[in-house]
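As a plain string of letters, each chain reads:
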2 protein chains.
Amino acid sequence: MKPSLVKGTRDFGPEQMRKRHFIFDTIRSTFRRFGFQPLETPSMENLTTLTGKYGDEGDQLLFKILNSGEFAATLTDADLQTAQQPGGSKKLIPQLAEKGLRYDLTVPFARYVVMNRNALALPFKRYQMQPVWRADRPQRGRYREFYQCDADVVGTDSLLCEAEIVLMIHEVFRNLGITDFTLKINNRKILAGIAEAIGVPGQEATLSVAIDKLDKIGQEKVLDELRERGFSDDALSQLEPLFASAPEGGILATLERLRQWLAASETAQAGLAELEQMLTLVQQYGLSGSALHVEIDPTLARGLSYYTGAIFEVKANNVSIGSVSGGGRYDNLTGAFGMPGLSGVGISFGVDRIYDVMDELNLFPEGAGQITRVLLVPFDEPARAVALPLLRTLREADVAAEMYPDLTKVKKMLDYANAKSIPFVVLIGSEEVQTGLLSLKNMITGEQQKLRAEDVLTTVSA
Amino acid sequence: MKPSLVKGTRDFGPEQMRKRHFIFDTIRSTFRRFGFQPLETPSMENLTTLTGKYGDEGDQLLFKILNSGEFAATLTDADLQTAQQPGGSKKLIPQLAEKGLRYDLTVPFARYVVMNRNALALPFKRYQMQPVWRADRPQRGRYREFYQCDADVVGTDSLLCEAEIVLMIHEVFRNLGITDFTLKINNRKILAGIAEAIGVPGQEATLSVAIDKLDKIGQEKVLDELRERGFSDDALSQLEPLFASAPEGGILATLERLRQWLAASETAQAGLAELEQMLTLVQQYGLSGSALHVEIDPTLARGLSYYTGAIFEVKANNVSIGSVSGGGRYDNLTGAFGMPGLSGVGISFGVDRIYDVMDELNLFPEGAGQITRVLLVPFDEPARAVALPLLRTLREADVAAEMYPDLTKVKKMLDYANAKSIPFVVLIGSEEVQTGLLSLKNMITGEQQKLRAEDVLTTVSA
């Protein structure tokens, strides 16, 4: 039997894991430096918790877990007939499955908050880094199992939280070495204001869905779609400033243009004021000028209709990989679980896409996460007795070290060191045992020197 | 709708996560110091990969994932009739599910090795720390989702690997602070030798299954079971030395007694010699005397019949919690996937039980993994402008710091600091803004002092 992987899933071998650890560690340490606390929720949730939270398409993409025991005993002839009709299988799901796999980290977080409402100190800042699963058709860059890394604050509507997200994004990408990125920011209130300004108040959701496709289908097709959805030519002509290229003069010029265009909408002005306050906090923190990678984009909508304030999206420049991070403010995270009115704001980092960006731009630091630093290579039993205390000394100094387990050809042992990218090898033969001088080989330079055991540690730690 | 957890699964809130991280980090850093490299495999495997690897009971405990799309369209009247018979549901599984959730880390590891056989440098040392799932009846200490932390070496039969496992176990438990534990060691060859010695050669598997229950059911019932399975009274009477308490004199005395009892069995002598060589390596490394927590236990079998050499099991003393770690040598890890003859040896740490032991014995270090070190508490907008650059300074020095997001009552902000166990709070009001002297409050001692912003970092880092 030739084994294979489930389509859309991946093994991560040592080389990939080292790179992934670098990304996870960078994101985690930033989350923690900003005072976010870890949370983990189970991989499985009751389907009642998951269903209806991600739209019809999302419900279909949930992985369902077959009930245990006599799960099919209650199936009837009528069920069988149902199943044989097109689309009939899904009607049998309630009988066959009561559990599903986590689809994102947001719904389980909301469930956690509701179940622990009395014990949680608000505002609650949590981060969560776990895999999620989607029964999607696998394709390049789209997997059925992938990690999300989320940080959210709930229980406050302070704009400081938005400012902190802007700061965290900058810190994460700087620490990853992705220096050329753009953080696009918008605000749901600006989108609502645009709907007001063009004479279709309250229709910003429809507007957003179409505008969200701007990058993919272009201005003309966006307008066609809106026309089909009943927007008048007059309304559409007033959308013109939305498609104009950003003015010279950066953020301030963009803010000014929007303020003038949307002067008649109080909602838009409120959104613009929020944006401005947030940016003031960011500047007071000390992030400004060329270090600030923010762009205000009034077309940014990110599909998800639950954002009520700020909307964020990050793209790496010079690579054709979609957004690597996104988030925003929402006002009703826990409403579906009977706890309305809890405001929050969050950000999600997509590890798989960040990995692809860093791989394509060759940004992983040399030797990042290389594990073993020293390989001990004894030629015989007496040499082992010399090697073992050295192995202990190295590890006690927190130097990752191993001893080649078999007594075999030296070439084979050196090949092993090379295959594992181990930078130092200590060769111990009968001469070394007699003289007490060990041969330390630098596998990168090829250089070899004779040292006493007690000097090996100093040299390999340098 | 009141949300709930799937039975047998758990949320891990910040407090538990901090403790779990302490365990994970300790195990991971030991694995890495010993030169093991990380591997991660997908949560889902094809059922063809999983089925038949864990016995009938294991097959039943696999969580199966319902196929997507028209999964029920091929069900027939005959299937329906099958399903309505006792035990009939499971016969429908092949039609309804082709994927299952990982049941342990060993089978996916074997699959990975076989699929990457040409690329892997042998010996291959990998560690893997991921959740596994079992559709077991939940009960105290038994969960449907739990973590395993495994380290294995494959591609060598060197006894150095066994010695390294003994060393790793000691290092992990020492670093966790679990100083009172017992590492029981046995060898399959000793069990086989016992079978030879009592005149039932080749029957060590049957013998093991019964002996494995010694702790639970006692000597008499073990003998009853063996009698039922056809062992003669003569054979059973020769088992007597197995049940005798360990002799005074520790490991050496136990080895000597076994050597005499099993003098007639070459297999047993080979097993004893392996044990002795392994212990010599451990001693040469520098682990001996009272630091060595090893006990030789010829009754140790660990149920799993695939061990072919050393068998390990760790229990914490003074708590009634089962084994916290176990493993051994196997000679046919990858045989089921068409790659016979690959020998390996591994160890698995059970995080959930280790957690329970440490909780019961109160071994988690005070403040282990406490996140935020400093909370900034500005009383108004001007105070915020003073606080923000300080926030930046702290974080740039890798001090986890946050600013309370809302302008509210001081008491509420201090309550927040206490709820999150934040040790330092910086209070900034109008006086502080004017004088430039900030109030630093130590939340543990209650002490308060006035400092310039640039001195806060020094004090909180001390």
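Residues numbered from 1 in each chain as written. Chains lettered and ligands numbered in written order. Predicted model: local features only at pLDDT ≥ 70, side-chain atom pairs only at ≥ 80, totals over all residues. Heavy atoms only, no water.

This paragraph deals with the overall build of chain A. Each helix and strand counted, chain A has 19 helices and 16 strands in total. Over its C-alpha atoms chain A spans a radius of gyration of 28 Å, topping by over 25% the 23 Å that the globule rule assigns to 462 residues. Once the C-alpha set of chain A is aligned to its principal axes, its extents read approximately 95 × 70 × 45 Å. In chain A, of all internal contacts separated by at least 6 residues, the share reaching a separation of at least 24 is 66%. For chain A, the accessible area works out to roughly 19,200 Å², and carbon and sulfur atoms hold 48% of it. For chain A, the distance from the average site of its 50 positive side-chain charges to the average site of its 59 negative ones is 5 Å. (Helix = DSSP H or I, 4+ residues; strand = E, 2+ residues; numbered from the N terminus. Rg over C-alpha atoms; globule rule 2.2 N^0.38 Å. Contact = heavy atoms within 4.5 Å. Areas by Shrake-Rupley, 256 points an atom, 1.4 Å probe, with all protein chains shown as cover. Lys, Arg positive; Asp, Glu negative; His and termini not counted. Charge placed at Lys NZ, Arg CZ, Asp CG, Glu CD.)

Looking now at the sheet that holds strand β5 (residues 124-133) of chain B. Residue and element names in this part refer to chain B. Across the sheet, eight strands lie side by side as β1-β5-β6-β11-β10-β9-β7-β8; this open sheet has mixed pairing. Taken across any chain shown, the strands that pair with only one partner, and hence form the sheet edges, are β1 (37-38) and β8 (294-296). Sheet topology note: the β1/β5 ladder contains two bridges and is parallel. Paired with Q37 across the strands is R126, a residue of β5. Contacts between helix α8 (residues 188-197) and the sheet are confined to β7 (181-187) and β9 (307-316), with β7 contributing the most and set at about 55 degrees to the helix. (Pairing = 2+ DSSP bridges. Axes fitted to C-alpha atoms, helices over the stretch in contact; angles between N-to-C directions.)

All names here are of chain B. Tracing the sequence through the fold places D59 in helix α3 (residues 55-61). Taking the C-alpha atoms as reference points, D59 and L47, 12 residues apart in sequence, are found 9.4 Å from one another. Those residues in contact with D59, other than ones at most four positions away along the chain, are L50, T51, G52, K53 and K64.

Turning chain A through 180 degrees and shifting it by 0.0 Å along the axis lays it on chain B, with an RMSD of 0.1 Å. Taken together, the rotation and translation relating the two chain copies correspond to the operation of a two-fold axis. Taking C-alpha positions as the reference, the residue of chain A nearest the rotation axis is I65(A), at 2.3 Å. The overlap is high: 100% of the interface residues of chain A also sit at the interface in chain B, so the same surface is used on both sides. (Least-squares fit on C-alpha atoms with pLDDT ≥ 70 in both.)

Another aspect to go through is the packing of helix α7 (residues 159-176) of chain A against helix α14 (residues 266-285) of chain A. Residues and elements named next belong to chain A. Where α7 contacts α14, the axes come no closer than 9 Å and their chain directions differ by 55 degrees. Here α14 runs oblique to α7, going by the angle between their axes. Here α7 and α14 pass one another in a crossing that is right-handed. In contact with L159, L160, E162, A163, V166 and L167 of α7, α14 contributes E274, Q277, M278, L281, V282 and Y285. Grouping the constituent residues of the contact of α7 with α14 by class yields nine nonpolar, one polar and two charged. (Parallel < 35°, antiparallel > 145°, perpendicular 65-115°, else oblique. Left-handed = near helix turned anticlockwise from the far one by under 90°. Nonpolar A, V, L, I, M, F, W, Y, C, P; charged D, E, K, R; others polar.)

The full count for this structure, using the stated rule, is zero disulfides over all chains. You can see C149(B) has no disulfide; the closest cysteine sulfur is in C149(A), sitting 19 Å from it. (Disulfide = S-S within 2.5 Å.)

Residues and elements named next belong to chain A. With respect to the element layout, A263 can be found in the loop between α13 (250-261) and α14. With a relative accessible area of 53%, A263 lands in the exposed category. Expressed as a C-alpha distance, the spacing of A263 and G193, which sit 70 residues apart in the sequence, is 9.3 Å. (Buried < 20%, exposed > 50% of the residue type's maximum accessible area, 1.4 Å probe, protein only.)

Turning to the interface of chain A and chain B, a few remarks are in order. With 107 residues of chain A in contact, the opposing surface of chain B contributes 107 residues. When the two sides are added together, the surface that chain A and chain B hide from each other amounts to roughly 9,400 Å², 60% of it contributed by carbon and sulfur. Of all residues in chain A, R33(A), Y285(A) and R395(A) give up the largest surface area on contact with chain B, accounting jointly for 7% of the area buried on that side. Close ionic contact of R395(B) with E164(A) constitutes a salt bridge, the shortest N to O distance being 2.7 Å. Where chain A meets chain B, there are 40 residue pairs in polar contact (both at pLDDT 80 or more). Here the side of chain A that touches chain B is built from residues that sort into 57 nonpolar, 25 polar and 25 charged. (Buried area = accessible area lost by both parts, 1.4 Å probe. Salt bridge = Lys/Arg side-chain N within 4 Å of Asp/Glu carboxyl O. Polar contact = N/O pair within 3.5 Å; in protein donor to acceptor, adjacent residues only side chain to side chain.)

In this section: empty space enclosed by the protein. To find leftover empty space, a probe the size of one water molecule is rolled over the atoms. Overall, the coordinates contain four cavities of 30 Å³ or more when judged by the stated rule. Each pocket or cavity is described by its volume, and for the largest cavity that value is around 80 Å³. Considering the residues around the largest cavity, the lining is formed by E402(A), M403(A), P405(A), F36(B), K125(B), V153(B), L160(B), C161(B), E164(B), I165(B) and M168(B). Of all the elements in the fold, those that place two or more residues in the lining of the largest cavity are β13 (401-403) of chain A together with α7 (159-176) of chain B. Of the residues forming the lining of the largest cavity, the biggest block, five residues, is contributed by α7(B). A breakdown of the residues in the lining of the largest cavity according to their chemical character gives eight nonpolar, no polar and three charged. Reported here for the second largest cavity is a volume of approximately 70 Å³. Every residue along the wall of the second largest cavity is listed here: F36(A), K125(A), V153(A), L160(A), C161(A), E164(A), I165(A), M403(B) and P405(B). Of the residues forming the lining of the second largest cavity, the biggest block, four residues, is contributed by α7(A). Partitioning the lining of the second largest cavity into residue classes produces seven nonpolar, no polar and two charged. (1 Å grid on protein atoms, 1.4 Å probe; cavity = no way out; pocket = protein on both sides within 12 Å on 5 of 7 lines; lining within 4 Å. Points joined across faces, edges and corners; volume = space filled by probe spheres on them.)

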